[in-house]
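Analysis of the macromolecular model
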Amino acid sequence: MSPPATAAPVLELRDVHKSFGGTPIIRGVNLAVKRGQRHALIGPNGAGKSTLFNLISGHYVPSAGQILLNGQPIAGLTPYAINRRGLSRSFQITSLFPRMSVAENLRISVMGRHGLRFSLFRPVRALAQVAAEVDEYLEKLRLTRRRDDPAGALAYSEQRALEIGMALATNPEVLLLDEPTAGMSREESAYTVALIRAVTEGKTLLVVEHDMSVVFTLCDQISVLVYGEIIASGEPEAVRVNPKVQEAYLGEEVAT
Amino acid sequence: MSSRARRLGLLPAFGGVLLVLPLLLTPNLVNAVIKMMIAGLFALSFSLAMGQAGMLSFGHSAYYGLGAFATLHLMKAVERSLVAWPTPLLPLAGAAAGLLCGLAFGWLATQRTGVYFAMVTLALAELLLTLAPTWNSVFGGEAGISTMRMNSWSIDFASDRGVYYLTLAWVAGSTWCLWAFTRTPMGRLALAVRDNEHRVRFLGFNTHGAKTLIFAISTMFTGVAGALLAIANEATNYTIFSAQASANVVLQTFIGGAGTFFGPALGAAIMTFFARVTSDLTRSWLLYQGLVFVIVMLFVPDGIGGLISVHAHRLRASAFKHLTLPYLVCLVVGVLLLVGVVFTVESVHVVLSDAYAVLRRANGGALVPYSLFGRQFHPLSPWTWAIPLVSILAGAALLPVARRLTRHGWSRAVGESAA
Amino acid sequence: MEFLIVSVLNGVVHGLLLFMVSAGLTLIFGMMGVLNFAHAWFYMLGAYVGFTLTRTVGFWAGLIAAPLIVGGCGVLVERYMLRRVHKYGHTHELLLTFGLAFIIEELIKLCYGDFPVNYAMPAYMKFAAFTLYETNYPFYRLFMGIVALAMFAALYVLLTRTRVGIVVRAATLKPVMVEALGHNLPVVFMGVFAGGAALAGLAGAVAGAFFPTGPNMAVDFGTLVFVVVVVGGLGSLEGALVASLMIGLFISFSVGLNWSLSDLLALVGLGGWAREVGGLLTLQLSTVAASMPFLLMLLVLLIRPAGLFGDRQ
Ligand SMILES: Nc1ncnc2c1ncn2[C@@H]1O[C@H](COP(=O)(O)OP(=O)(O)OP(=O)(O)O)[C@@H](O)[C@H]1O
Ligand SMILES: [Mg+2]
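As the structure is a prediction and not an experimental result, all values here were calculated from the model.

So, how was this worked out
- The residue numbers shown here count from 1 along each chain, following its written sequence.
- Labels are handed out in written order, letters beginning with A for the chains and numbers beginning with 1 for the ligands.
- In keeping with the model being predicted, local features are shown solely for residues with a pLDDT of at least 70 and side-chain atom pairs are shown and tallied solely at 80 or more, while totals for entire chains, interfaces and linings include all residues.
- Hydrogens and water molecules were not included; the side-chain quantities draw on all heavy atoms of the structure.
- Only protein chains enter the calculation, and the probe is 1.4 Å; a residue is then buried if its accessible area is under 20% of its type maximum, exposed if over 50%, and partly exposed in between.
- Numbering goes from the N terminus for both helices and strands, where a helix is a DSSP run of H or I of at least four residues and a strand is a run of E of at least two.
- Working definition: the arc comes from the directions between the helix axis and the C-beta atoms, pointing outward to the latter.
- Neighbouring residues are identified by heavy atoms, a residue being near a molecule or strand if any of them is within 4 Å of it.
- Pairing of N or O atoms within 3.5 Å defines a polar contact, subject to two protein rules: one partner must be a possible hydrogen donor and the other a possible acceptor, and residues neighboring in sequence count only if both atoms are side-chain atoms.
- All accessibility values rest on the Shrake-Rupley procedure with a 1.4 Å probe; residue burial counts only the protein chains present in the view.
- When residues are sorted by character, Ala, Val, Leu, Ile, Met, Phe, Trp, Tyr, Cys and Pro go into the nonpolar class, Asp, Glu, Lys and Arg into the charged class, and all the rest, Gly among them, into the polar class.
- Here is the rule: rings of Phe, Tyr and Trp (six-membered ring for Trp) pair when centre to centre is within 6.5 Å. Planes less than 30 degrees apart are stacked, more than 60 are edge-to-face, and the remainder are tilted.
- Any Lys NZ or Arg CZ that is within 6 Å of a ring centre and within 35 degrees of that ring's normal is treated as a charge sitting over the ring.
- Metal sites are built from N, O and S donor atoms within 2.8 Å, or 3.2 Å for Na, K and Ca, and they leave out water, so they may look incomplete.
- Any two strands with at least two DSSP-identified bridges between them are counted as paired.
- Two residues qualify as a contact provided that any one of their heavy atoms is within 4.5 Å of a heavy atom in the partner residue.
- Inter-axis angles, ranging from 0 to 180 degrees, are taken between N-to-C directions of lines fitted to C-alpha atoms, where helices are fitted over the stretch in contact.
- The handedness of a crossover follows from its direction of travel: if, with the strands pointing away from the viewer, the path from the first strand over the helix to the second runs clockwise, the crossover is right-handed.
- Oblique is the label for every angle not falling under 35 degrees (roughly parallel), over 145 degrees (roughly antiparallel), or within 65 to 115 degrees (roughly perpendicular).
- Each crossing is labelled by how the near helix is turned from the far one, with a counterclockwise turn of less than a right angle marking it left-handed and a clockwise turn marking it right-handed.
- Simply put, the buried area is the total loss of 1.4 Å probe accessible area from both parts when two parts are fitted together.
- The salt bridge criterion pairs a side-chain nitrogen of Lys or Arg with a carboxyl oxygen of Asp or Glu, the two atoms within 4 Å.
- Expected helix span is computed as 1.5 Å times (number of residues minus one).
- Boundaries of every domain are those given by an automatic assignment or by a domain database.
- pLDDT: the predictor's confidence for each residue, scored from 0 to 100.
- Within this scheme a cavity is a closed region of a 1 Å grid, computed over the protein atoms alone, that accommodates a 1.4 Å probe without allowing it to escape, whereas a pocket is open but has protein on both sides within 12 Å along at least five of seven lines; lining residues each have an atom within 4 Å of a point.
- Grid points are joined across faces, edges and corners, and a volume is the space filled by probe spheres set on the points.
- Put simply, a patch holds well-exposed residues, over 30% relative accessible area, that have no salt bridge, with like charges counted together within 9 Å and Val, Leu, Ile, Met, Phe, Trp or Tyr side chains within 5 Å.

Some details on helix 6 (residues 163–173) of chain C
Count 3.6 residues to each turn of an α-helix, and residues three or four apart come out pointing the same way. All names here are of chain C. Regarding helix 6, the residues found buried are G165, V167, V168 and A171. Buried residues in helix 6, looked at end-on, bunch into an arc of 160 degrees, giving them a common side. Within helix 6, the exposed residues directed more than 90 degrees away from the buried face are R163 and L173.

Section: the site of ligand 1
Residue and element names in this part refer to chain A. Within the structure, ligand 1 sits among 13 residues, and G46, K49, S50, T51 and Q92 are positioned closest to it. Contact between ligand 1 and G46: an oxygen atom at 2.9 Å from a main-chain N or O atom of the residue. Contact distances for ligand 1 include 2.8 Å between an oxygen atom and a backbone N or O atom of K49. Taken by itself ligand 1 offers 630 Å² of open surface, and the protein chains cover 62% of this. Looking at the shell around ligand 1, the element that brings in the most residues is helix 1 (residues 49–56), giving three residues. Broken down by class, the residue content of the shell around ligand 1 amounts to four nonpolar, seven polar and two charged.

Section: the packing of aromatic side chains
Enumeration over the complete set of coordinates arrives at 22 aromatic pairs over all chains. Relative to F215 of chain B, the ring of Y63 of chain B lies with its centre 5.5 Å away and its plane at 90 degrees, an arrangement referred to as edge-to-face. With Y63 of chain B in helix 3 (residues 61–79) and F215 of chain B in helix 9 (residues 207–233), this pair connects stretches of sequence that are 152 residues apart. Within the aromatic cluster, the residues linked to one another by ring pairs are F58 of chain B together with F37, W41, F98 and F226 of chain C. Lying over the aromatic face of F91 of chain A, R89 of chain A brings its terminal NZ or CZ to 4.1 Å of the ring centre. Lying over the aromatic face of Y80 of chain C, R79 of chain C brings its terminal NZ or CZ to 5.1 Å of the ring centre.

Focus on the coordination of the magnesium ion (ligand 2)
All names here are of chain A. All of the protein donors around the magnesium ion (ligand 2) are S50 (OG) and Q92 (OE1); their distances to the metal are 1.9 to 2.1 Å. Highlighted residues: S50 in helix 1 and Q92 in the loop between strand 6 (87–89) and helix 3 (102–113), separated in sequence by 42 residues. Judged by relative accessible area, S50 falls into the partly exposed class, the value being 23%.

Digging into the sheet that holds strand 1 (residues 9–20) of chain A
Adjacent strands of a sheet form backbone hydrogen bonds with each other and so pair up, either parallel or antiparallel. Residues and elements named next belong to chain A. With antiparallel pairing, the four strands of this open sheet are ordered in space as 2-1-4-5. Either end of the sheet is taken by a strand with one partner, and the two such strands are strand 2 (23–34) and strand 5 (72–73). Here strand 4 (residues 64–69) pairs with strand 5 via two bridges, running antiparallel. Bridging across to strand 5, L69 finds its partner in Q72. Along the sheet, helix 1 contacts strand 1, strand 2 and strand 4; its crossing angle with strand 1, the most-contacted strand, is approximately 115 degrees.

Comments concerning the pairing of strand 8 (residues 204–208) of chain A
Residue and element names in this part refer to chain A. The element strand 8 is largely enclosed, with a buried count of five among its five residues. In strand 8, alternate side chains face the same way, and those of T204, L206 and V208 on one face and L205 and V207 on the other are all buried. Judged from the four bridges that link them, strand 3 (residues 38–42) and strand 8 form a sheet pairing that is parallel. Bridged to L41 within strand 8 is V208. Summarising the sheet, strand 7 (residues 174–178) and strand 8 pair through five bridges and their orientation is parallel. Bridge pairing in strand 8 links V174 to T204. Regarding the hand of the β-α-β motif, the stretch spanning strand 7, helix 6 (residues 186–199) and strand 8 is right-handed.

Examining the packing of helix 3 of chain A against helix 8 (residues 185–201) of chain B
Closest axis-to-axis distance for the helix 3 of chain A/helix 8 of chain B pair is 10 Å, and the angle between their directions is 120 degrees. Relative to helix 8 of chain B, the element helix 3 of chain A lies oblique. In this structure, helix 3 of chain A meets helix 8 of chain B at a crossing whose hand is left-handed. Judged by residue contacts, E104, R107, I108 and M111 of chain A of helix 3 of chain A engage P185, R188, L189 and A192 of chain B from helix 8 of chain B.

Let's talk about the interface of chain B and chain C
With 48 residues of chain B in contact, the opposing surface of chain C contributes 49 residues. Counting the surface chain B buries against chain C, the share from its top three residues, R112, M119 and L298 of chain B, is 15%. Here chain B and chain C share zero salt bridges between them. In this structure, the connection of chain B to chain C is made through one residue pair in polar contact (both at pLDDT 80 or more). For the side of chain B that touches chain C, the elements supplying multiple residues, two or more each, are helix 4 (91–109), helix 5 (114–131), helix 10 (243–256), helix 12 (285–299) and helix 14 (324–351) of chain B. At 12 residues, the largest contribution of residues to the side of chain B that touches chain C is made by helix 5 of chain B. Partitioning the side of chain B that touches chain C into residue classes produces 33 nonpolar, 11 polar and four charged.

Description of helix 4 (residues 128–140) of chain A
Residues and elements named next belong to chain A. The end-to-end C-alpha separation of helix 4 is 18 Å, in line with the 18 Å expected for 13 residues at 1.5 Å each. Every buried residue belonging to helix 4 is among V130, E133, V134, Y137 and L138, and all of these are buried. Considered in projection along helix 4, the buried side chains sweep an arc of 140 degrees and stay on one side of the axis. Of the residues in helix 4, the exposed ones pointing more than 90 degrees away from the buried face are A128 and E139. Close packing links the buried residues of helix 4 with helix 3 and helix 5 (156–168).

A look at the sheet that holds strand 3 of chain A
All names here are of chain A. Spatially, six strands are ordered 6-7-8-3-9-10 in an open sheet, and the strand pairing comes out mixed. One side of each edge strand has no neighbouring strand; the edge strands of this open sheet are strand 6 and strand 10 (229–234). Taking each pair of neighbouring strands and ignoring which way they run, the sheet shows an average axis angle of 15 degrees. Sheet strands in contact with helix 5 are strand 6 and strand 7, and its direction is about 160 degrees off that of strand 7.

Quick word on unusual backbone geometry
For Y227 of chain A, which is not glycine, the phi dihedral falls at a positive 45 degrees. Turning to its location among the elements, Y227 of chain A is positioned in the loop between strand 9 (221–226) and strand 10. A positive phi angle is found at E234 of chain B, which is not glycine, with a value near 60 degrees. In this structure, E234 of chain B sits in the loop between helix 9 and strand 2 (235–236).

A look at the domain arrangement of chain B
Residues and elements named next belong to chain B. Split into domains, chain B comes out as domain 1 (3–302) and domain 2 (315–418). The distance between the C-alpha centroids of domain 1 and domain 2 comes to 33 Å. Across the boundary between the two partners, domain 1 contributes eight residues, which contact six residues of domain 2. Where domain 1 abuts domain 2, roughly 480 Å² becomes buried across the two surfaces, and 57% of that area is made up of carbon and sulfur atoms. Applying the counting rule to domain 1 against domain 2 returns zero salt bridges.

A few points about the confidence of the model for chain B
This prediction gives chain B a mean pLDDT of 82; 97% of its residues lie at or above 70. When pLDDT is averaged over each helix and strand of chain B, the minimum, 68, is found for helix 1 (residues 2–24) of chain B and the maximum, 91, for helix 9 of chain B.

Brief notes about empty space enclosed by the protein
Empty space left among the atoms is revealed by rolling a probe the size of a water molecule over them. All names here are of chain B. All told, the structure shown has one cavity of 30 Å³ or more when counted by the stated rule. Here the largest cavity is characterised by a volume of approximately 40 Å³. In terms of lining residues, the largest cavity is bounded by M75, V78, W85, T87, L90, M148, R149 and M150. Partitioning the lining of the largest cavity into residue classes produces six nonpolar, one polar and one charged.

Brief notes about a nonpolar patch on the surface
Nonpolar side chains collect at one region of the surface, where L82, V83, W85, L89, L92 and W153 of chain B lie side by side and expose about 570 Å² of accessible area between them. As for its placement among the helices and strands, L89 of chain B is situated in the loop between helix 3 and helix 4.

Spelled out as structure tokens, the structure:
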């Protein structure tokens with residue numbers, strides 16, 4: 001299966017806090033994601049999972065605490081700086097370029113990775129390497145047939161696939177996916193899980209997911225976030241039988 | 001494929017016409033075409049920021065003016081033999097001024113997005129407008145700066161013809177650059193920023209930097225347009241910074257259609273042309289331009305360019321027969337409404353003018369007939385007001401008919417093209 | 001001392017007038033997401049309505065009719081224009097109001113000419129409220145301040161103490177929720193839009209009788225109003241109030257001060273050099289008073305990009 005996780009955590013949160021207007025939402029989170037792990041973050045609605053992603057990816061600045069990527073502090077950096085250090089994320093609420101074609105959506109992602117940021121002196125058509133990678137991702141995402149359609153015109157599940165694809169296409173070392181399979185059919189969900197598994201081979205994944213079957217097939221570590229605190233963290237089996245987790249969250253769903 | 005071929009054929013034809021135009025037209029009209037080309041370039045550069053990156057600037061006159069002033073200073077230096085600079089390369093001064101100021105102001109303005117951005121750009125232009133008349137050494141005070149064009153490269157720039165070809169060359173070159181920009185990675189990034197700036201940030205791009213750069217490229221070409229204006233007029237003053245100039249380019253761009261590449265230039269050229277031809281006939285041209293703009297915003301949100309592109313892309317040539325009748329009815333409605341509105345506006349203008357007041361005083365205060373379009377009308381006669389009333393009412397009554405016919409004709413034409 | 005008191009009074013009155021217009025703008029924006037570019041042009045419309053009625057009926061009639069007429073225009077604009085283009089997005093709405101501003105200005109030029117008109121307060125209001133040292137302080141300035149204050153008191157009570165006010169404030173925060181609770185959101189929108197326009201119209205009728213009433217007044221005042229909302233943060237009434245007063249004071253002080261950058265440099269012994277260089281360095285503050293609000297805005301943008309009371313967008 002996946003390569004054994006090496007000891008040093010790639011992503012580490014140390015006592016991270018976040019409040020909005022005096023209301024504490026994240027209340028002292030400690031989390032270590034080791035290299036090569038596929039780590040699930042689960043918890044009830046409103047627990048603060050997306051907020052935690054927003055803190056890690058640089059959308060919000062933590063009120064207190066440290067976030068380390070490869071041992072380097074990243075809390076307070078801009079999202080693009082964090083992305084360039086090898087961390088990419090997808091959004092729970094689909095966030096695409098609706099008036100651009102599917103291929104162009106992916107091309108923006110690929111361009112960023114190739115450092116084609118402020119490139120002014122050659123046409124995009126001449127970028128063969130970029131075009132080839134875009135085609136490859138289109139194929140992987142099963143979106144080749146829709147490559148020239150505007151992203152805004154895609155069906156919901158296709159948009160979700162593109163949403164994940166854009167995060168993948170920056171080819172990050174650490175990938176954060178926020179409910180990747182939400183709104184997908186069973187078949188699409190299974191396909192997406194297999195895809196995520198394939199592309200994150202040798203990389204590190206942190207994923208928020210409500211579907212427990214996805215969590216248990218995809219991930220080798222689980223952390224449970226309830227009311228802004230991690231109440232349990234560990235191997236799936238250990239978490240499954242943890243009484244605190246059963247009481248707080250998993251309860252009827254998995255305890256059978 | 002055929003539409004592409006048509007377009008490829010269209011461009012050289014258009015270029016050829018522009019090349020021979022000065023040989024056919026009177027100097028006055030040559031001058032008009034120069035102003036149309038400059039307005040077109042201004043609109044194209046404005047719409048690089050607006051149409052591509054979604055940055056609505058209400059203060060582009062600032063860079064237009066700075067380009068003009070920078071060029072005039074260079075021209076003065078040449079005149080005083082302080083530097084040797086060939087006239088054909090003068091617009092580089094405008095480009096440099098536009099680029100540098102665009103970088104500085106753009107860095108500030110792009111800290112904010114959306115409507116804030118619009119307001120900040122407006123305020124920056126207003127800052128220049130208030131500062132310029134008091135800052136003699138740079139903006140020449142209230143009078144402004146004037147100078148002379150020098151001949152160089154053995155081209156005669158004293159004539160309109162020389163200026164025409166200079167303008168044509170720069171406008172054509174700049175237009176090509178602006179078009180090429182849309183094809184570069186940066187140009188695609190601009191579209192992404194317009195669609196969803198938030199997401200771009202999470203893909204590794206510094207959006208603030210990108211927007212600053214895009215804005216500066218836009219203002220650089222605006223500076224070129226300003227420079228060309230300065231060369232054509234050999235003078236300018238602080239009023240070039242006025243909100244009016246910024247407003248004009250916004251109006252013209254959206255009348256032309258900000259969603260297409262050439263639409264803004266088309267809108268600017270058409271509006272500049274009409275402003276020119278009607279300047280002897282009416283003083284209310286700006287009012288008409290405003291009305292056209294609001295009508296376009298309400299009923300043709302994609303502008304003239306959008307209309308053309310929809311016809312060119314969605315319809316086959318044979319399908320146009322379904323549209324002949326509807327468009328004829330639309331034309332009739334348009335003419336009726338136009339007559340009514342123009343008659344009313346011009347009558348009001350005449351009756352409230354100072355000249356008419358003098359006339360009344362000479363006649364003991366009575367409301368005397370006034371002349372308009374070479375005829376006499378009496379302000380109190382019901383017949384006078386029947387003209388606009390009847391034509392507007394008729395136009396309004398026909399409007400729903402025209403809309404229904406157009407809708408039917410359009411769906412039939414699209415159906416036939418798709419079949 | 002005298003300068004100080006007079007400047008503070010002038011600044012506060014000017015600031016209150018600014019707030020009267022920017023409050024409407026901010027309320028409309030907060031609620032509908034529409035930046036009504038034509039807002040300052042409603043202010044101008046108010047002044048011209050006041051002028052016309054003063055000549056024909058009387059000053060007070062103008063003061064009462066101006067907000068009603070301008071508010072009526074607001075209803076028409078919201079109902080028949082903005083609502084039509086709502087589906088194309090906020091930029092489109094902004095552009096539409098931009099075009100309207102353009103048309104209003106040209107119509108006013110058509111009817112009243114390109115030059116300022118002679119709109120003046122009635123003679124019995126032209127007296128000094130009090131005399132400070134040697135300066136007579138005009139009563140009308142105080143009157144403007146009082147009208148503005150009365151408006152805020154009314155607005156404040158309306159927004160905080162009445163059912164309508166509660167619905168309006170709720171609609172500013174969560175429009176969808178308010179609609180779901182069974183309130184007629186379009187009517188609320190129309191009401192707020194008309195109310196904002198009426199406030200601007202009243203401000204115009206009151207201020208136009210004291211300041212020059214001409215076709216440029218809208219651009220001049222309008223850009224100040226925009227500076228106010230950028231500095232204060234759009235959608236925030238407190239921000240608008242603080243920024244209005246700040247800018248009013250800023251202008252009234254810079255008009256009266258003959259400082260220049262060279263004076264500042266003289267403090268560090270560079271005065272002579274600065275006077276030699278001339279140009280921007282010797283421009284007196286009073287001559288560039290009109291630019292000061294924009295410089296203030298730049299400063300705020302540099303230090304707090306989101307404005308004094310704005311959130312990070
Ligand atoms: N910008 C914000 N301002 C104020 N409160 C916020 C903000 N963002 C999130 N919250 C609050 O933080 C809490 C956690 O939200 P978050 O979206 O992180 O939950 P979640 O665990 O992702 O839930 P879900 O499973 O529904 O996605 C919620 O109560 C939410 O209202
Ligand atoms: Mg969430």
